[in-house]
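Coordinate inspection notes
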Protein chains: 2
Amino acid sequence: MLNITETCLYAKNLEEAEYFYSQLMDFELVAKEETRHLFYKCENSMLLIFNPDHTSRHQTDVDGNPIPLHGDSGSVHIAFSVDQNRYREWKSRLIEHDIDIESEVIWSTKARSFYFRDPAGNSLEIITGNIWNLP
Amino acid sequence: MLNITETCLYAKNLEEAEYFYSQLMDFELVAKEETRHLFYKCENSMLLIFNPDHTSRHQTDVDGNPIPLHGDSGSVHIAFSVDQNRYREWKSRLIEHDIDIESEVIWSTKARSFYFRDPAGNSLEIITGNIWNLP
């Protein structure tokens, strides 16, 4: 069975993205290339943030084998799960940092989530409760 | 700690995407809305495929609370991990289905990966070996 190990977002301004994901989201930065990427560890998978101006145009390679071009300019959605007892804490933390909570939803499963944006405009969501019946 | 629970890709042609992700990639389809989305379960997280023409333009809501607009038109990258003994099998399976293997890379950690595209042009990668030192 395949498991998702890398999830990507795109941000043209990596400096802004680094402040947001390192300081506000508190993810562990494990690799950085000034004009190309920021790689974060999130519990059991990776969040890779790429500058699409770089990855959609400049071919890189590993020992002569190309890394295919990719990159998007708009707004990608991803969701993070959090324990019930940390949900309010995360919401407060973001509000304290002047991050606008765009919406909050209670799903039919009673799971609860709120939505906000990263500086590049990606749509982020923090969910509590087992909305998808995942293991 | 936050964990990624939903990873998204975008595809304007959801019929093509459904064939690819259900038949070739063998993911479990758990929800579908003809012109808007396909939701797949991948081991311990979700792969959501949205039609960006819908999600970037048409506001939906849950009990009056809006789901923020999102959606991208280009090419998002995601990577899947697989056990060493299934890596070749996955490569053969895709080749048998006429999917072009765009590149194959051996990383400095000895992890190995190959790249291919979904019908929408998203850049997919199957990795074996613990490239990121994840738990």
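Notes on the structure in this doc start here.

Quick notes on the rules
Residues numbered from 1 in each chain as written. Chains lettered and ligands numbered in written order. Predicted model: local features only at pLDDT ≥ 70, side-chain atom pairs only at ≥ 80, totals over all residues. Helix = DSSP H or I, 4+ residues; strand = E, 2+ residues; numbered from the N terminus. Buried ≥ 20, exposed ≤ 12 C-beta atoms within 10 Å, placed from the backbone. Contact = placed C-beta atoms within 7 Å. Pairing = 2+ DSSP bridges. Least-squares fit on C-alpha atoms with pLDDT ≥ 70 in both. Axes fitted to C-alpha atoms, helices over the stretch in contact; angles between N-to-C directions.

1. A few points about the overall build of chain A
Helix and strand content of chain A: three helices and 10 strands. Of the regular secondary structure in chain A, the N- to C-terminal order runs β-α-β-β-β-α-β-β-β-α-β-β-β. Its C-alpha atoms give chain A principal-axis dimensions of about 50 × 40 × 25 Å. Residues counted as buried form 38% of the 135 residues belonging to chain A. Taking the intrachain contacts of chain A between residues at least 6 apart in sequence as the baseline, contacts between residues at least 24 apart amount to 43%.

2. Section: the pairing of strand β1 (residues 3-10) of chain A
Of all eight residues making up β1(A), seven are buried, and the element is well covered by its neighbours. Where β1(A) lies against strand β7 (residues 77-81) of chain B, four bridges are found, and the strand directions are antiparallel. Paired with Asn3(A) across the strands is Ser81(B), a residue of β7(B). Bridge count for β1(A) against strand β4 (residues 45-50) of chain A is five bridges, and the pairing is parallel. Bridged to Leu9(A) within β4(A) is Ile49(A).

3. Let's talk about the relation of the copies chain A and chain B
Screw-axis analysis of chain A against chain B gives a translation of 0.0 Å along the axis, an RMSD of 0.0 Å, and a rotation angle of 180°. Between the two chains, the operation in question is that of a two-fold axis.

4. Re the environment of Ser108(B)
Residue and element names in this part refer to chain B. Take Ser108: it is sitting in the loop between β8 (103-106) and β9 (112-117). On the basis of neighbour count, Ser108 is assigned to the exposed category, with 8 C-beta atoms found within 10 Å. Remark: the alpha-carbon pair of Ser108 and Leu14, spanning 94 residues in sequence, is separated by 37 Å.

5. Focus: the sheet that holds strand β10 (residues 123-128) of chain B
Pairing within the open sheet is mixed, and its eight strands lie in the order β2(A)-β3(A)-β4(A)-β1(A)-β7(B)-β10(B)-β9(B)-β8(B). Across the chains shown, the open sheet's two edge strands, defined by having one partner strand only, are β2 (28-33) of chain A together with β8 of chain B. Averaged over all neighbouring strand pairs, the angle between strand axes comes to 20°, with direction disregarded. Its contacts with the sheet place helix α1 (residues 14-24) of chain A against β2, β3 (37-42) and β4 of chain A, and it is angled at close to 15° to β3(A).

6. A short note on the environment of Asn85(B)
Checked against the element boundaries, Asn85(B) lands in helix α3 (residues 84-96). Given 8 C-beta atoms within 10 Å, Asn85(B) falls into the exposed group.

7. Structural notes on the interface of chain A and chain B
With 49 residues of chain A at the interface, the matching set in chain B holds 49 residues. Breaking the side of chain A that touches chain B down by element, the ones donating at least two residues are β1, β3, β4, β6 (65-67), β7 (77-81), β8 (103-106) and β10 (123-128) of chain A. For the side of chain A that touches chain B, the element with the highest residue contribution is β1(A), accounting for six residues.

8. Some remarks on the sheet that holds β7(A)
Read across the open sheet, the eight strands follow the order β8(A)-β9(A)-β10(A)-β7(A)-β1(B)-β4(B)-β3(B)-β2(B); overall the sheet is mixed. Of all the strands in the sheet, the pair left with one neighbour each is β8 of chain A together with β2 (28-33) of chain B. Strand-to-strand twist in this sheet, taken as the mean axis angle between neighbours without regard to direction, amounts to 20°. Here strand β9 (residues 112-117) of chain A runs beside β10(A); their pairing, made up of six bridges, is antiparallel. Bridging from a neighbouring strand, Arg112(A) pairs with Thr128(A) of β10(A). Strands in contact with helix α1 (residues 14-24) of chain B are β2, β3 (37-42) and β4 (45-50) of chain B; relative to β3(B), the strand with the most contacts, it is inclined by about 10°.

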